[in-house]
Amino acid sequence: MCGIIGGITSDSIEKVLLDGLKYLEYRGYDSSGLALSENGKITVRKKTGKISVLKDELKKNPLKLAHIGIAHNRWATHGAPSEINAHPQLSYSNNIAIVHNGVIDNFAAIKSSLVAKGYEFRSETDTEVIADFLEEEKKQLGSLLLAIKRFFYIAKGSFALAILDQQEPDKIFFAKWRTPLLLGRGKGMNLLASDKIAFAPRIEEFYDVADGEYGYLQGDCISLFVYDKEIIKTPTFLPIDIKRSDIALGKYANYMEKEIDEGAFVIDKILREYTKDGKYKFDPELVSSLKNSEEVILIGSGSSYHAALLGCEYLLNAKLNAYAYIASEWAHYPRIRTKNPVFILLSQSGETADVLRSLDVIKNHRWPVISLVNIESSSLARRSNYVLPLFAGFEVAIVSTKTYICQVALLWLLANATMSNTAVIEELKKVGRAQRKVLSFKDAISNLAGKLVTQHDIYFIGRGLDYLLAREASLKFKEITYIHSEAFPAGELKHGPIALIEKGTPVIGFCSDETSYAHLMSNLEEAKARGGLIFFIGIRSGEVDEEKFTFASIDPQVNILIEIIYAQLLSYYATLRLGYDVDKPRNLAKSVTVE
Ligand code: F6R
């Protein structure tokens, strides 16, 4: 959700910024821009569209060599994606240039007070309001640093800021509150960015700026302060643990296919990290805290919520009191039934604002939080009592694929660990092997996708865990193909949704469980009788005359992890056939840091 990068180099900064933006594109790609500072003058270039558009513009109209600059990828929150709303935003006098990730909830009130003082605004962004606020406060307080400190007291919301000031041209100022910001130190350069991937491989060490910290880069020095303490902090830098090769495309044309393929190997990783010689490696205290809990509440957004739904079923199966909630709902309407709940928060990024808002509520009550998170340095991981990393590796495509598999597999192991049931470890290994077999059906899945892309509506159905899987399949399908899709519990179709079935409407049924096979087939037949075009993805059971993908059942609890590879590939091939960007669907961002 917006990516920022800035830096000071002994060489040209422009290439460093553009390279960094490319690696931050997963955070937003509505528009991008940069501001360079040289000899006391700030020059800005902005463009709507992907980074390539900005790069083309800079080729056509090159900027002078500069050593200091800031840059931004935008995912629009306040104001449409346009050049005027793109960052950097300039203050009224054009003295201050600023890039911002986050949202200022009370920007309207700050704006009104600035309007009353005579400020006029060019954009619809909350970021321009920050620039003018800083300009005004600098006038009052005498320095930009003091103005930034004051901003912490006034602003409500989240912000990672990088700021240039024409009157202090050798510095980049920064501030951080509830959205990621890292500093990086390398040979002949100091950088800052939303994600350390934007630094690699130029930077050797990084520092994760904490909430409430602000300061500036100047030459090869970093000055760091804490807004509510009268101290100067010495940042502790850590060696950078990510290489660009970690996210190289290699033989692939896009990240989604690469990550679906990798998804068929992540179960092996989960097993390596969490089991050994057929036994669990979970901390016994963690397992007993779940076992003895009065209730377990699982919370997530999007695909992570869908994984939570499955996790909830696994925990119920282990005779634990479990409930799953959508983060944006639970945060504002918390539901707790007992005095001592244990929370499991799920998130790929660990920066999803809705999840962090739920975390605030939980932390206010001092309830324990276990997080299942892919980014171990994330805000969620840092604030959890216990972290179970997902080990999915970097997920670049906007849609979640391999992390969903890690989340579901890990929750299954965790639930079984509370029952000391180690037999499932072997079963999970087999699931990994079966997932890899699905990859050999790519051509056939692509052909099936070809039959779906001309449709307006697609329905995914299933019973029990298959319905929960169908919800994930449907989300995946609609978010990248832009074709309307919905998931229904198969038996519910006849209670209403069947009215939607017309001649040719695709209905895809999932079946991972022998006991629901006959009923699912009747539900598909009912859809067919109304003209529906029906497809079956599931266990090899009775005869299926329709178009189908079948596999040998391993365990009805985790067969859905085989089905998900079919579902992900189906969405992938449908999107390719439609000619859309599989990695960067419209309107979406990887890390949703706004509520
Ligand atoms: C769907 C997708 C999103 C995310 C959701 C939560 O493909 O990627 O629905 O699952 O935004 O993100 P995390 O897991 O980072 O909290």
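My aim in this report is to walk through the structure given alongside it, one point at a time. (Residues numbered from 1 in each chain as written. Predicted model: local features only at pLDDT ≥ 70, side-chain atom pairs only at ≥ 80, totals over all residues. Heavy atoms only, no water.)

Quick look at the environment of V266
Position of V266 among the secondary structure elements: in helix α7 (residues 266-274). Residue V266 is classed as buried on the basis of its relative accessible area, which comes to 3%. If sequence neighbours within four positions are ignored, V266 has contacts with A392, K402, I405 and C406. (Helix = DSSP H or I, 4+ residues; strand = E, 2+ residues; numbered from the N terminus. Buried < 20%, exposed > 50% of the residue type's maximum accessible area, 1.4 Å probe, protein only. Contact = heavy atoms within 4.5 Å.)

Structural notes on the packing of aromatic side chains
The final tally for this structure, using the stated rule, is 29 aromatic pairs. Taken together, a centroid distance of 5.8 Å and an interplanar angle of 25 degrees make the contact between Y280 and F282 stacked. Residue classification places Y280 among the buried residues on the basis of a relative accessible area of 18%. Summarising the aromatic geometry, the rings of F441 and Y566 are spaced 6.3 Å apart at their centres and angled 35 degrees between planes, so their arrangement reads as tilted. With F441 in the loop between α14 (423-438) and α15 (442-452) and Y566 in helix α18 (residues 560-578), the pair connects residues that are 125 residues apart, well separated along the chain. The class of F441 is partly exposed, set by a relative accessible area of 36%. With relative accessibility at 2%, the residue Y566 sits in the buried group. One aromatic cluster is present, built from ring pairs that chain together F133, F151, F152, Y153, F159, F173, W177, Y214, Y216, F225 and Y227. (Phe/Tyr/Trp six-rings, centres within 6.5 Å; stacked < 30°, edge-to-face > 60°.)

Section: the pattern of salt bridges
By the definition in use, this model includes 31 salt bridges. Put simply, K176 and D211 hold a salt bridge, and the shortest N to O gap is 2.7 Å. Here D211 lies in the loop between β11 (205-208) and β12 (213-218) and K176 lies in strand β8 (residues 171-177), a separation of 35 residues in the sequence. In this structure, E427 and K430 form a salt bridge, with 3.1 Å as the shortest nitrogen-oxygen distance. On the criterion of helical spacing, the pair formed by E427 and K430 is a turn pair, its members being 3 residues apart in helix α14. Looking at K430, the relative accessible area reads 35%, which means it is partly exposed. One salt-bridge network, held together by shared partners, links K15, D19 and R202. (Salt bridge = Lys/Arg side-chain N within 4 Å of Asp/Glu carboxyl O.)

Here we look at the site of the ligand
Around the ligand, a shell composed of 15 residues is seen, among which S304, S347, S349, T352 and E479 lie nearest. A distance of 3.0 Å separates an oxygen atom of the ligand from a polar atom in the backbone of S303. Within the side chain of S347, an N or O atom sits 2.6 Å from an oxygen atom of the ligand. Contact with the protein chains hides 90% of the accessible area of the ligand, taken as 410 Å² for the molecule alone. In this structure the site holding the ligand corresponds to the second largest pocket. Listed by contribution, the elements that provide at least two residues to the shell around the ligand are α9 (302-317) and α16 (465-481). Partitioning the shell around the ligand into residue classes produces 4 nonpolar, 9 polar and 2 charged. (Near = heavy atom within 4 Å. Polar contact = N/O pair within 3.5 Å; in protein donor to acceptor, adjacent residues only side chain to side chain. Areas by Shrake-Rupley, 256 points an atom, 1.4 Å probe, with all protein chains shown as cover. 1 Å grid on protein atoms, 1.4 Å probe; cavity = no way out; pocket = protein on both sides within 12 Å on 5 of 7 lines; lining within 4 Å. Sits in = over half its atoms within 2 Å of the grid points. Nonpolar A, V, L, I, M, F, W, Y, C, P; charged D, E, K, R; others polar.)

Topic: the environment of V99
Inspection of the secondary structure puts V99 in strand β6 (residues 96-101). Overall, V99 belongs to the buried group, its relative accessible area being 0%. Here the alpha-carbon distance between V99 and G33, two residues 66 residues apart in the chain, equals 9.0 Å. Every residue in contact with V99, bar those within four places of it in the chain, is listed here: I4, I70, A71, H72, H87, P88, A160, L161 and A162.

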